[in-house]
Structure formats: C-alpha cells, structure tokens
Amino acid sequence: MPEKANAQPTKEFFVNMITKDIQLDACILDLLDNCLDGASAQLADNGEETARRYEGYWADITLSEDEFKIEDNCGGISIDEAINYAFRFGRRPDAPPEADYSIGLYGIGMKRAMFKIGKRIEIESSTSNEAFSVSIGVDTWLAGPEWDFDLEREAAYETAGTTIEINDLHNEIKAEFADQVFVNKLRRSIARDYSIFLQNGFMARVNGEDIAPYEFKLRESDQFAPVKRQYDDDSIHVEITAGMAGLPNDDTSAESPENAIPEVEYYGWFVLCNDRVVIAADKSADTVWGDEQFPVWHPQYNGFMGFVSFRSQRPELLPWTTTKRQIDLDDPAYRRAVSVMKEVTRQYIDYTTQRKANLDQAKELERQTTPISVVRIEDRPQMGLPRLTPRLAVVNINYQKPLRDVRKVAEVLGNASMTYRQVGIDTFDYYYKTHVED
C-alpha cells in the first residue's frame with residue numbers, strides 16, 4: 001500500500017529528530033542562550049548599553065545523576081509567548097521576529113533540551129506581572145493525542161525569571177552528569193563561549209561554582225601589535241582581530257612533547273555571532289587553514305589567535321546554522337570575511353617563517369611583549385611584527401671517531417671531561433684559525 005501523502009510525523013519521530021544530532025552540553029548551552037536572550041530583551045526595553053550592562057543578571061545550573069535544574073532572573077517568559085511560541089510545535093506564520101541581537105532560537109532549544117535530558121519536567125516562569133507553570137510527563141505526553149502542553153496561570157513571583165527542573169533522567173544522561181570530566185568541560189565551555197557576556201557582568205554558576213570568563217588576550221610591545229579591522233556588510237557589523245597570543249614553539253618544525261604548549265587548545269580562529277562563540281580555536285578549512293590552497297595548520301603557527309565577530313540586530317542574517325554550533329560556510333558575508341582573515345593570517349605565517357633566520361633575536365623580542373585583553377585592542381590595519389636581522393647560514397657537522405682518541409684530544413685541549421660536542425667545535429676552530437684565517 002502506498003504511503004499517505006502529507007502524513008503527519010509521530011511524536012516519537014519528532015523527539016528523535018530534534019535530539020539525535022545534538023550533544024548534551026550543546027543542549028544545556030541552548031538553555032543558557034535563552035537566559036541571555038531574556039536579559040538582553042530586558043536591557044533593550046530599558047535602553048541600557050553600558051560596558052557592564054549584564055550586571056545583576058544570573059543563571060544557575062545544577063546537575064547530578066538525579067536531576068537537572070537551570071534557573072535565572074532574566075525576566076521570564078510571558079504567557080502569550082509560552083502559549084503561542086515557546087511550547088508550540090512549529091513556528092506560527094505570524095510569529096514576531098527574534099529579539100534584537102539575540103543568540104537563541106526561542107522554543108526549539110528548550111524543547112530539545114527537555115526531551116534530551118529526562119522524562120519528568122517542571123517549568124515555572126514569571127515576568128514582572130504574570131506567571132505560569134508547566135508539568136510534563138514525557139511518557140504520558142507521548143501516549144496521548146495532544147501535542148501542546150497545559151499551562152497553569154499563577155500570580156507573578158517575586159523574581160522575574162524562569163526555572164526548568166528535569167527528573168527521571170535518561171540512563172546515558174545520568175552517567176554524563178555523574179562524571180566530573182563532563183562537568184568541568186561544561187564549565188570551560190561556558191567560560192570560553194560566553195566570555196564577553198561574563199565580562200559584561202552576567203553571572204553563570206554550575207553546581208554552585210561561579211564561572212570566571214576566559215579572558216582572551218593578544219600580546220603587544222613596541223615591536224608587536226595585533227591587527228583590528230571593522231566594516232559593515234549590509235546589516236551585519238564585522239570585526240576582525242588577530243595577533244600573537246602566546247610565545248611560539250622553539251622548535252618550529254614539530255611539536256614535541258617537551259615543547260607542547262598548554263594554551264594550544266585556544267590557538268586558531270574563533271567565530272562569534274552576537275558575541276557568542278560559534279566556532280572555537282579552529283585549525284581547519286572551516287575558517288582559513290587549508291581553504292582553497294591556503295596553508296594547513298602547522299605547529300609552527302602556535303601562538304596565533306584570531307577572532308571574527310558578526311553582530312546584527314537581525315540574528316537570522318548571521319552566518320550560523322540553526323544549531324548555533326556551526327557556521328554556514330557558503331554564506332556570502334562569511335566568505336567575504338574569510339578573505340580578510342586570510343590576509344591577516346598570512347602576516348603571522350610570514351613572521352613565523354622569518355623568525356627561523358634569527359631565532360634568538362625573535363625569542364628575545366617575543367619575551368618583551370605583554371598580554372592585553374582583546375576587548376581593549378584599538379583599530380589597526382596591519383599586524384605589527386618585527387623585522388629580524390638574518391644570521392649567517394649555519395650547518396651541523398656530524399662524524400664518528402674512536403672514543404680513546406677523542407678523550408686524548410680533550411686532554412690536550414686542557415679539559416678531560418669536555419663534552420664530545422665541544423671537542424668537535426674546538427678542533428674545528430683550531431683548524432680554521434691555523435689554516436684558513438688570514
């Protein structure tokens with residue numbers, strides 16, 4: 001029998017569809033996005049644009065093998081938004097546009113996280129003048145004919161905000177939440193991906209621990225300076241900043257364990273949309289590395305850090321995908337930015353090649369740099385980099401001689417415990433002075 005045309009998906013199909021391709025930590029960050037969007041909406045209503053504009057707003061995340069909970073004081077969800085958008089399946093054709101500079105895709109992130117984490121969900125939300133609660137038993141909901149959830153209207157709470165509590169966790173979620181490695185990774189992701197919000201006063205906590213922002217810094221001196229360019233691409237403001245964040249490897253040919261740099265996980269390109277990190281420390285063709293014959297990432301480039309930031313009042317114009325964890329690589333605004341990113345990256349690549357000619361001078365100049373926060377860097381069209389004085393070309397001389405003979409030569413040179421390497425240098429110098437120099 002042929003399938004029915006326009007057959008409606010089942011609830012099970014819908015749940016599997018929205019949860020199968022997203023990681024657990026990404027679901028939690030989706031909920032944090034919604035908290036920040038609520039705070040941003042409050043600030044827009046108040047017309048606030050101060051440097052610490054998120055001061056006083058917070059989100060508190062608690063997770064264990066027994067429960068997940070996130071609560072905030074970010075203004076809450078109105079009953080109209082809850083009925084028509086947040087808990088509705090499918091976006092209404094008359095839905096209003098996303099809030100200015102938002103980072104969430106309101107509604108889908110909440111539902112995706114709820115279904116991903118557990119089977120028993122309690123939601124309470126209050127604005128300054130109204131409130132509601134929702135209780136969802138996922139198994140009961142799946143078995144029933146209705147798609148939407150029942151809301152209970154309540155009097156406004158003392159705090160305008162939202163609380164989501166999830167119990168009866170899926171077994172694989174319990175294991176993740178009980179793993180301290182997962183919890184620490186979540187803290188690091190929040191510190192990195194929401195650094196600008198945290199530096200602007202927003203407070204995020206995980207299991208009672210405040211998250212300090214990872215403060216991205218580039219190094220400056222009278223010889224080194226980061227590049228910073230800004231331009232408008234229609235309704236998108238683009239800002240590109242790049243430079244030396246850490247001291248490069250001594251051995252630029254390979255990254256051996258003894259030369260490994262702990263900050264290497266932060267080197268590469270970062271892509272932000274409305275201040276939210278979408279791609280972090282990228283070393284692939286998704287940014288510039290290996291894209292259209294551009295050099296692939298190599299340990300020689302350790303120390304490089306670059307940021308391309310897209311900001312727009314209309315978030316749907318930004319070059320990110322609906323998961324907010326990937327960039328639309330074919331987006332015209334993104335491709336135009338990549339051409340500038342390649343130009344500034346090339347400046348650093350050329351420097352790392354040049355520094356091989358006089359590594360000692362380069363290392364001394366690099367040690368004289370001091371880190372400065374990326375948010376304090378001023379506009380500069382080109383990266384400031386030193387011109388190094390090339391040293392004379394040198395070669396290694398390697399040969400073998402009988403040990404007894406080498407020891408006799410060391411004794412004649414006046415030091416029986418001289419290293420074999422030094423014996424070779426001294427004998428070469430003697431021959432050169434005796435038979436080559438004028």
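Because the structure is predicted, anything quoted here is derived from the model rather than measured.

**Overview of helix H1 (residues 11–19)**
Part 1 of the argument: Listing the buried residues of H1 in full gives Lys-11, Phe-14, Val-15, Ile-18 and Thr-19. Buried residues of H1, seen end-on, are gathered within an arc of 110° and therefore sit on one face of the element.
Part 2 of the argument: Of the surrounding secondary structure, the elements contacted by the buried residues of H1 are helix H4 (108–117) and helix H5 (138–143).

**So, the sheet that holds strand S3 (residues 118–126)**
Part 1 of the argument: Strand order in this open sheet of eight strands is S5-S4-S3-S6-S2-S1-S7-S8, and the pairing throughout is mixed. Two strands close off the open sheet at either side, each with one partner strand: strand S5 (151–154) and strand S8 (209–210).
Part 2 of the argument: Where strand S7 (residues 203–206) lies against S8, two bridges are found, and the strand directions are antiparallel. Bridge assignment links Val-206 to a residue of S8, and that residue is Glu-209.
Part 3 of the argument: Packed onto the sheet, helix H3 (residues 79–86) meets strand S4 (131–137) and S5 and runs at close to 170° relative to S5.
Part 4 of the argument: Of the strands in this sheet, strand S2 (68–72), S3, S4 and strand S6 (161–169) are in contact with H4, which crosses S3 at around 145°.

**Quick word on the sheet that holds strand S13 (residues 276–282)**
Part 1 of the argument: The mixed open sheet is built from five strands, whose spatial order is S10-S11-S14-S12-S13. Every other strand in the sheet has two partners, leaving strand S10 (227–233) and S13 as the edge strands with one partner each. Shown here is a sheet whose adjacent strand axes are inclined to one another by a mean of 10°, direction ignored.
Part 2 of the argument: Pairing between S10 and strand S11 (residues 236–244): seven bridges, direction antiparallel. The residue bridging Tyr-231 from the neighbouring strand is Val-238, located in S11.
Part 3 of the argument: The strands that helix H9 (residues 332–354) touches are S10, S11, strand S12 (268–273) and strand S14 (304–311); relative to S10, the one it contacts most, it runs at about 165°.

Criteria and thresholds
- Along each chain, residues carry numbers from 1 onward, in the same order as the chain's sequence is written.
- At least 70 in pLDDT is required for a residue's local features to be given in this predicted model, at least 80 for side-chain atom pairs to be given and counted, and no such filter applies to totals for whole chains, interfaces and linings, which use all residues.
- For the side-chain quantities, the full set of heavy atoms in the structure was used; hydrogens and water were omitted.
- The classification of residues rests on relative accessible area computed with a 1.4 Å probe and restricted to protein chains. Under 20% of the type maximum is buried, over 50% is exposed, and intermediate values are partly exposed.
- Every helix listed is a DSSP run of H or I at least four residues long, and every strand listed is a run of E at least two residues long, numbered separately from the N terminus.
- Note: the arc covers the axis-to-C-beta directions of the helix.
- The criterion used for residue contact is that any of the two residues' heavy atoms lie within 4.5 Å.
- Any two strands are treated as partners once DSSP identifies two or more bridges connecting them.
- Where helices are involved, their axes are fitted lines through C-alpha atoms of the stretch in contact, as for all axes, and angles between N-to-C directions lie from 0 to 180°.

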